[in-house]
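Descriptive analysis of the structure
This is what each chain is made of:
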Amino acid sequence: MSRSYCVVGGGISGLVAAYRLRVSAGPDASITLFDPADRLGGALRTERIGGQPMEVGAEAFITRRPEVPALLGELGLAGRQVGTTGVRPLIYSQARLHPLPANTLQGVPTQPSSMRGLVDDATVARIADERSRPLRWAAGADPSVAELVGDRFGEQVVARSVEPLLAGVYAGSAANIGVRSALPALATQLDRGAASLTDAACEVLAASTVPRDAPIFGAVDGGYAVLVDELVRRARAHWRQVGVEAVHRSPHGWDLVDDEGARHHADAVVLAVPAPRMARLVAEVAPRTAAAARRIAVASTALVALALPGGTPLPQHSGVLVAGGERLHAKAITLTTRKWGPRGNVELVRLSYGRFGDDLARNVGDEELLSWAALDLHTVFGIHAEPVDHHVQRWIDAMPQYGPGHVELIAELRAGLPPGLAVAGGYLDGIGVPACVASATRAAASLVTARVAR
Ligand SMILES: Cc1cc2nc3c(=O)[nH]c(=O)nc-3n(C[C@H](O)[C@H](O)[C@H](O)COP(=O)(O)OP(=O)(O)OC[C@H]3O[C@@H](n4cnc5c(N)ncnc54)[C@H](O)[C@@H]3O)c2cc1C
């Protein structure tokens, strides 16, 4: 008899899990996908703005990780992978634009000279001196990025070099993100006994096999919608446009209760919803997993996507990352058509608002966000431009915070899962799309190989 699977959540994690289940379990397996949203894809969402496809959720993937290029290849979409134009981002700090320092590891400096202008002379001297100060590091330690980098290089390096990059990835602050999650290769070098943070960062950069001039980011021509549509087509899952409210054990697997009160049976289940939602779903059947998931904090963010008239004088840079403590509303600005290349006769720009700990993405209205966007573009680039089109997108509780101890927390979360129940998502092994693909692949494999009681 063929097996039945339910996948809860139709973001990239749920879609990849459904697709992998279809490939492994075969055409006769019953796969039901639950998601109450108006379309599948979750935080992968492509809209038409100014007549052009534009991402209003995730926009890219890291090319150094193999998962997304491999998945595109598997789906016959390798030809749709595009790279950035090669222009670099700027940092907005002390109310000025600065080039992004070269030769850093996610903002952690390896050469004092590259930080000149961004930080003061005393900090440059401190960076130069770091190698000569003894480093105390206990193997396996996981301080916050702010603690480690602040102690070795000073607060300015944290606020002006590291924090802008972390804010872009996690909508979080260096004080809340653990070194082992944000900079795993750096933590490994420190565990191996690197004598200083500079040495550890140099080792990581030297070990990189990616050519220096290769694009760091890739994207999908036509938008992530192309990947989402293909996964939906290949998974051939039955999409029920409802939310799941509860998961119960049944004599032969699991019963899911949807938000209309209907029950659905499955031999095995993948939960691919954000951590706070997952915690509620498994409170009864996996209390240890639920308790661990409740400890994962989340941040919200709002995006303002603008189509500005063609020819708007934007700089030849991919965007602007904003240092901590600046008097600017936006935490990042992406100059989409500079970063990825021209599209039609518009300049596409994306501004991100909201960081961990503020309630801005929930509470600030669309009109106010649009007026902030106009003000921020004027403050940063000195331009006044009337958008020809716009879109405001909110992502509430969508950015998990990888705090100190996250790796152990996730081990605990997974250890509490009974056989036949698996989890996937951006709160597990990395927030990015590649890590989501990996977690979904792992989840599906664990269910197909697990013996399911019948
Ligand atoms: C604004 C933003 C920008 C980002 N930029 C990038 C980037 O450039 N590059 C990158 O690699 N990563 C980026 N990320 C991270 C990445 O996009 C996400 O981690 C990833 O898309 C999460 O996918 P997911 O499927 O795990 O979760 P989600 O996309 O959150 O999907 C979860 C799904 O579950 C559904 N759901 C919720 N509750 C229920 C329920 N009770 N029952 C059924 N379904 C439910 C939701 O409707 C949703 O569709 C970004 C994230 C955000 C928010």
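What counts as what
Residues numbered from 1 in each chain as written. Predicted model: local features only at pLDDT ≥ 70, side-chain atom pairs only at ≥ 80, totals over all residues. Heavy atoms only, no water. Helix = DSSP H or I, 4+ residues; strand = E, 2+ residues; numbered from the N terminus. Rg over C-alpha atoms; globule rule 2.2 N^0.38 Å. Buried < 20%, exposed > 50% of the residue type's maximum accessible area, 1.4 Å probe, protein only. Contact = heavy atoms within 4.5 Å. Areas by Shrake-Rupley, 256 points an atom, 1.4 Å probe, with all protein chains shown as cover. Lys, Arg positive; Asp, Glu negative; His and termini not counted. Charge placed at Lys NZ, Arg CZ, Asp CG, Glu CD. Near = heavy atom within 4 Å. Polar contact = N/O pair within 3.5 Å; in protein donor to acceptor, adjacent residues only side chain to side chain. Nonpolar A, V, L, I, M, F, W, Y, C, P; charged D, E, K, R; others polar. Domains from an automatic or database assignment. Expected span 1.5 Å × (residues − 1). 1 Å grid on protein atoms, 1.4 Å probe; cavity = no way out; pocket = protein on both sides within 12 Å on 5 of 7 lines; lining within 4 Å. Points joined across faces, edges and corners; volume = space filled by probe spheres on them. Buried area = accessible area lost by both parts, 1.4 Å probe. Salt bridge = Lys/Arg side-chain N within 4 Å of Asp/Glu carboxyl O. Arc of directions from axis to C-beta. Axes fitted to C-alpha atoms, helices over the stretch in contact; angles between N-to-C directions. Left-handed = near helix turned anticlockwise from the far one by under 90°. Pairing = 2+ DSSP bridges.

Here we come to the overall build of the chain. Helix and strand counts for the chain stand at 16 helices and 22 strands. In terms of C-alpha radius of gyration, the chain reaches 23 Å, essentially the compact-globule figure of 22 Å for 454 residues. Expressed as a percentage of its 454 residues, the buried residues of the chain come to 56%. By sequence separation, contacts in the chain at least 24 residues apart represent 72% of the contacts at least 6 residues apart. Per element, the accessible surface of the chain, about 19,200 Å² overall, is 51% carbon and sulfur. Separation of charge centres in the chain, based on 45 positive and 45 negative side chains, amounts to 5 Å.

Now for the site of the ligand. Surrounding the ligand, one finds 35 residues, the nearest of these being Ser 13, Asp 35, Ala 60, Ile 431 and Val 433. At 2.6 Å, a side-chain N or O of Asp 35 approaches an oxygen atom of the ligand. Ala 60 is positioned with one of its backbone polar atoms (N or O) 2.8 Å from a nitrogen atom of the ligand. Considered on its own, the ligand offers 1,000 Å² of accessible surface; in the complex 86% of this is hidden by protein. Listed by contribution, the elements that provide at least two residues to the shell around the ligand are helix 1 (12-25), strand 17 (298-309), strand 21 (389-400) and helix 16 (433-449). Counted by class, the shell around the ligand contains 21 nonpolar, 11 polar and three charged residues. Both domains that meet at the shell around the ligand, namely domain 1 (4-42 + 224-296 + 403-449) and domain 3 (298-400), each give it at least three residues.

Now for helix 1. For helix 1, which comprises 14 residues, the first-to-last C-alpha distance of 19 Å matches the rise-based estimate of 20 Å (1.5 Å per residue) to within 8%. Burial analysis of helix 1 places 11 of its 14 residues in the buried class, which makes it a mostly covered element. Along helix 1, the positions that sit buried rather than exposed are Ile 12, Ser 13, Gly 14, Leu 15, Val 16, Ala 17, Ala 18, Tyr 19, Arg 20, Leu 21 and Arg 22. Where helix 1 ends, the next residue or the one after it, Gly 26, has phi of about 90°, a positive value.

Here we take up the environment of Ala 292. Turning to its location among the elements, Ala 292 is positioned in helix 11 (residues 287-294). The contacts of Ala 292, once residues within four sequence positions are left out, are Leu 409, Glu 412 and Leu 413.

There is about 260 Å³ of room inside the second largest pocket. Lining the second largest pocket are 18 residues; nearest its centre among them are Val 220, Asp 221, Gly 222, Trp 340 and Arg 343. Listing elements by their share of the lining of the second largest pocket, those giving two or more residues are strand 4 (52-55), strand 6 (81-83), strand 11 (217-220) and helix 12 (336-340). Residue contributions to the lining of the second largest pocket peak at three residues, all from strand 4. Here the residues of the lining of the second largest pocket are counted per class, giving seven nonpolar, six polar and five charged.

For the chain, the assigned domains are domain 1 (4-42 + 224-296 + 403-449), domain 2 (101-207) and domain 3 (298-400). For domain 1 and domain 3, the distance between their C-alpha centres works out to 32 Å. With six residues of domain 1 at the interface, the matching set in domain 3 holds four residues. For the pair domain 1 and domain 3, the summed buried area comes to about 420 Å², and 79% of that belongs to carbon and sulfur atoms. Scanning the region where domain 1 abuts domain 3 turns up zero salt bridges.

The next subject is helix 8 (residues 197-207). Along helix 8, the residues classified as buried are Leu 197, Thr 198, Ala 200, Ala 201 and Val 204. With its buried residues spanning 165° around the axis, helix 8 presents them on a single face. Among the exposed residues of helix 8, those pointing more than 90 degrees away from its buried face are Ala 206 and Ala 207. On the buried face of helix 8, the contacting elements are strand 9 (104-105), strand 10 (108-109), helix 3 (121-129), helix 4 (145-153) and helix 7 (184-191).

The next point concerns the packing of helix 4 against helix 5 (residues 155-170). At a minimum axis distance of 8 Å, the contact between helix 4 and helix 5 shows a crossing angle of 145°. Two packed elements cross with a definite hand, and for helix 4 against helix 5 that hand is right-handed. Seen from helix 4, the contacting residues are Val 145, Ala 146, Val 149, Gly 150 and Phe 153; seen from helix 5, they are Glu 155, Val 157, Val 158, Val 162 and Leu 166. Taken together, the residues of the contact of helix 4 with helix 5 sort by class into eight nonpolar, one polar and one charged.

Within a sheet, adjacent strands bond to each other through the backbone by hydrogen bonds, running parallel or antiparallel. An order of 5-11-6 is seen for the three strands of this open sheet, with the pairing classed as antiparallel. Two strands bound the open sheet, and with one partner strand each, they are strand 5 (61-62) and strand 6. Where strand 6 and strand 11 come together, three bridges link them in antiparallel fashion. Across the sheet, residue Gly 83 finds its bridge partner in strand 11, namely Gly 218.

Tracing the backbone through its elements, the reader meets His 264 in strand 15 (residues 263-266). Under the relative-accessibility criterion, His 264 is labelled buried at 11%. At 2.8 Å, the side chain of His 264 forms a polar contact with the side chain of Asp 258. Among residues more than four places away in sequence, those in contact with His 264 are Phe 34, Arg 240, Trp 254, Asp 255, Leu 256 and Asp 258.

Here we take up unusual backbone geometry. You will see that Gln 94, though not glycine, has its phi angle at about 55°, which is positive. As for its placement among the helices and strands, Gln 94 is situated in the loop between strand 7 (90-93) and strand 8 (96-99). Note on Gln 94: relative accessible area 45%, which makes it partly exposed.

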